Amino acid sequence: MDPLTVTLTGAGGQIGYALLFRIAAGDMLGDRPVRLRLLEIPQGLRSAEGAVLELQDCAFPLLDDVELTDDPRVAFDGCQVALLVGARPRGPGMERADLLAANAGIFGPQGEALGAVAADDVRIVVVGNPANTNALVLAASAPDIPRDRITALTRLDHDRAVGQLSEALGMRAGEIDRVAVWGNHSATQFPDVTYATAAGRPVPELLAERFGGADAATRWLDDEFVPRVAKRGQEIIDVRGSSSVASAANATLQHVRDEHFGTEWTSAAVVSRGEYGVPEGLVCSFPVSSDGSGYRVIEGLPLDERARERLDRSVAELMTERDAVAAWGVV
Ligand code: NAX
């Protein structure tokens, strides 16, 4: 089998370190050999270099080749899977607008480089925050890359929602299907269990049994489940003293794996084609499926008033972010 060229940005960072070894072990692409291209900024090169030495020491049978560079054109040359993890974190006293601007300055040029030198079949997932709007900037900078090849990660939010349901219902995560995450990867996201099933039974019904009625179940969803999933990143920081790393890397692998091998249902942020009234071009999380050729929004799901209101609120935030980057002429 020919190796697949996988480019990882931010390879010297925490999530990069957690991702590299699992990619090389075959957790993302099965038994397909991989050629790794690692991109870092000059300050991050030394740390990534250390990871490359360790990769060598693992002697992974599927690892074809590794190259580390600080030049996007080299890193994205022939790239088939791009994992865009490297981003500018929010510094002390930095406003959200400054954060958006700093990251637009990363994802714009990376989009241009991908458009110029990546393989025709490239698939891109943006992990670095603010992920949805970074992906929007990237898409605008790479007009020749088909929109359905550009995604942003909300799989971690999806998996967090499954984890919370699993605990509440006392069932294994593997028994839970059809959870949906709508909107932005931020505190406004809407993790939705309306269509979810656990061991084949509707989750809303199981929650009503567990909490003593449909109203009590809705209260649990609104007051505990939704805020806990949406703010889980902060909870991890408070408890662990550091941000989510292994779970974020795991979600990234599952996102690519399911897109590549196919899935009937998961959540991902994709470029909207107007589905569910989300303005075209915004990068918004939806329930999606893949037949192996890329994620498609699962259409036709009924949205009740509660869901509609929450999705609209998150979309309004995405539009504010888009307007902020548009004001600097990047989209
Ligand atoms: P780290 O700060 O440990 O690593 C980031 C790495 O990116 C650093 O080594 C840095 O040198 C590098 N980098 C910065 N600019 C770069 C550029 N222009 N090109 C290449 N590399 C560059 O952060 P880490 O904990 O690994 O998190 C990475 C990103 O993931 C952050 O933006 C974080 O907010 C985001 N996350 C996104 C999640 C999601 O669900 N979408 C969840 C986890 C995570 O919070």
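The structure presented is a predicted model; accordingly, all values stated were derived computationally and were not measured. (Residues numbered from 1 in each chain as written. Predicted model: local features only at pLDDT ≥ 70, side-chain atom pairs only at ≥ 80, totals over all residues. Heavy atoms only, no water.)

Hey, could you run me through the sheet that holds strand 11 (residues 201–202) in this one?
Note on sheets: strands pair through backbone hydrogen bonds, and any given pair is parallel or antiparallel. A sheet is described by the order of its strands in space; here 3 strands give the open sequence 7-10-11, paired in antiparallel fashion. Each end of this open sheet is capped by a strand with a single partner; those strands are strand 7 (176–177) and strand 11. As paired elements, strand 10 (residues 197–198) and strand 11 share 2 bridges and run antiparallel to each other. Counterpart to threonine 197 in the pairing with strand 11 is proline 202. (Pairing = 2+ DSSP bridges. Helix = DSSP H or I, 4+ residues; strand = E, 2+ residues; numbered from the N terminus.)

Looking at this structure, how should I read the confidence of the model for the protein?
As a general rule, the predicted coordinates of low-pLDDT regions are not to be interpreted in detail. Within the protein, residue pLDDT values average 97, and 100% of them lie at 70 or more. Of the two predicted TM-score estimates for the complex, the pTM is 0.98 and the ipTM is 0.99. (pLDDT = per-residue confidence, 0-100.)

Would you explain the side chain of aspartate 157 in this entry?
For aspartate 157, the location among the structural elements is in helix 6 (residues 155–169). Exposure remark for aspartate 157: the relative accessible area of 1% places this residue in the buried category. Side chain to side chain, aspartate 157 and glutamine 189 meet in a polar contact 3.1 Å long. (Buried < 20%, exposed > 50% of the residue type's maximum accessible area, 1.4 Å probe, protein only. Polar contact = N/O pair within 3.5 Å; in protein donor to acceptor, adjacent residues only side chain to side chain.)

Mind showing me how you'd approach the packing of aromatic side chains here?
For any pair of aromatic rings, the description rests on two quantities: the centre-to-centre distance and the angle between the ring planes. In total, this model carries 7 aromatic pairs according to the counting rule given. Their ring planes at 70° and their centres at 5.2 Å tell us that tyrosine 17 and phenylalanine 21 sit as a pair that is edge-to-face. Of this pair, tyrosine 17 and phenylalanine 21 both sit in helix 1 (residues 14–25), 4 residues apart, which is roughly one turn of the helix. Residue phenylalanine 21 is classed as buried on the basis of its relative accessible area, which comes to 16%. Measuring from ring centre to ring centre gives 6.1 Å for tyrosine 195 and tryptophan 265, while their planes differ by 45°; the resulting arrangement is tilted. (Phe/Tyr/Trp six-rings, centres within 6.5 Å; stacked < 30°, edge-to-face > 60°.)

Honestly, the side chain of arginine 310 in this entry has me stumped. Any pointers?
Within the secondary structure layout, arginine 310 lies in helix 11 (residues 305–327). Residues within four places of arginine 310 in sequence aside, it is in contact with Thr188, Phe190, Asp222 and Val226. (Contact = heavy atoms within 4.5 Å.)

Explain the sheet that holds strand 14 (residues 295–297) to me, please; I cannot follow it from the model alone.
Taken in spatial order, the 9 strands of this open sheet run 3-2-1-4-5-6-12-13-14, and their pairing is mixed. The open sheet has two free edges, formed respectively by strand 3 (63–69) and strand 14, since each of these has just one partner strand. The mean angle between the axes of side-by-side strands here comes to 35°, regardless of whether they run parallel or antiparallel. Of the pairings in the sheet, the one linking strand 5 (residues 123–126) to strand 6 (residues 150–152) comprises 3 bridges and is parallel in character. Across the sheet, residue isoleucine 124 finds its bridge partner in strand 6, namely isoleucine 150. Lying on the sheet, helix 2 (residues 45–58) is in contact with strand 2 (34–39) and strand 3; it crosses strand 3 at an angle near 165°. (Axes fitted to C-alpha atoms, helices over the stretch in contact; angles between N-to-C directions.)

When you look at the UniProt feature "active site" (unreviewed entry) in the protein in this model, what are you seeing that I'm missing?
As annotated in UniProt, the feature "active site" (unreviewed entry) corresponds to His185 in the numbering used here. Residue histidine 185 is classed as partly exposed on the basis of its relative accessible area, which comes to 24%. (UniProt positions renumbered as here; feature names shortened; annotations may be inferred.)

Whenever I open this one, the UniProt feature "domain: Lactate/malate dehydrogenase N-terminal" (unreviewed entry) in the protein confuses me. Can you help?
Feature annotation in UniProt places "domain: Lactate/malate dehydrogenase N-terminal" (unreviewed entry) on residues 6–144, given in this structure's numbering. A distance of 20 Å separates the end C-alpha atoms of residues 6–144, which is 45% helix and 18% strand.

I would appreciate a short explanation of the nonpolar core in the present structure.
For soluble globular proteins, nonpolar side chains are generally found buried alongside one another. Core analysis: the largest hydrophobic core is formed by 41 residues, its most contacted members being Leu165, Trp182, Val193, Val203, Leu207, Phe225 and Phe286. Put simply, the parts of the chain that give this core at least two residues each are helix 6, strand 8 (180–182), helix 7 (203–211), helix 8 (214–230), strand 12 (263–271), strand 13 (283–290), strand 14 and helix 11. In terms of residues, this core owes the most to one element, helix 8, which gives 6 residues. Residues in contact with leucine 207, not counting those within four places in the same chain, are Leu165, Leu169, Val193, Ala217, Trp220 and Leu221. (Core = buried A, V, L, I, M, F, W, Y, C linked by side-chain atoms within 4.5 Å.)

How should I be thinking about the pattern of salt bridges in this particular structure?
Opposite charge on two side chains makes pairing possible when the charged atoms of those side chains draw close. The full count for this structure, using the stated rule, is 20 salt bridges. When the shortest N-O distance is used, the salt bridge between glutamate 67 and arginine 37 registers 3.6 Å. Within this pair, whereas glutamate 67 is found in strand 3, its partner arginine 37 is found in strand 2, the two being separated by 30 residues in sequence. Relative accessible area serves as the criterion here: at 32%, glutamate 67 is assigned to the partly exposed category. Its salt-bridge partner being arginine 308, residue aspartate 312 comes within 3.0 Å of it at the nearest N-O pair. With aspartate 312 and arginine 308 both in helix 11 and 4 residues apart, the pair spans about one turn of that helix. Among the residues examined, arginine 308 registers a relative accessible area of 28% and is labelled partly exposed. Residues participating in the shared-partner salt-bridge network are Arg37, Asp65 and Glu67. (Salt bridge = Lys/Arg side-chain N within 4 Å of Asp/Glu carboxyl O.)

Explain the packing of helix 4 (residues 96–117) against helix 5 (residues 131–141) to me, please; I cannot follow it from the model alone.
When two helices pack together, their arrangement is given by the angle between the helix axes and by the axis-to-axis distance. Helix 5 packs onto helix 4 with a crossing angle of 40° between their chain directions and a minimal axis gap of 7 Å. With respect to helix 5, the element helix 4 is oriented oblique. Helix-helix and strand crossings are classified by hand; for helix 4 and helix 5 the assignment is right-handed. Across from Leu100, Asn103, Ala104, Phe107, Gly108, Gly111, Glu112 and Leu114 in helix 4, the residues of helix 5 making contact are Thr133, Asn134, Val137, Leu138 and Ser141. For the contact of helix 4 with helix 5, the residue count by class is 6 nonpolar, 6 polar and 1 charged. (Parallel < 35°, antiparallel > 145°, perpendicular 65-115°, else oblique. Left-handed = near helix turned anticlockwise from the far one by under 90°. Nonpolar A, V, L, I, M, F, W, Y, C, P; charged D, E, K, R; others polar.)

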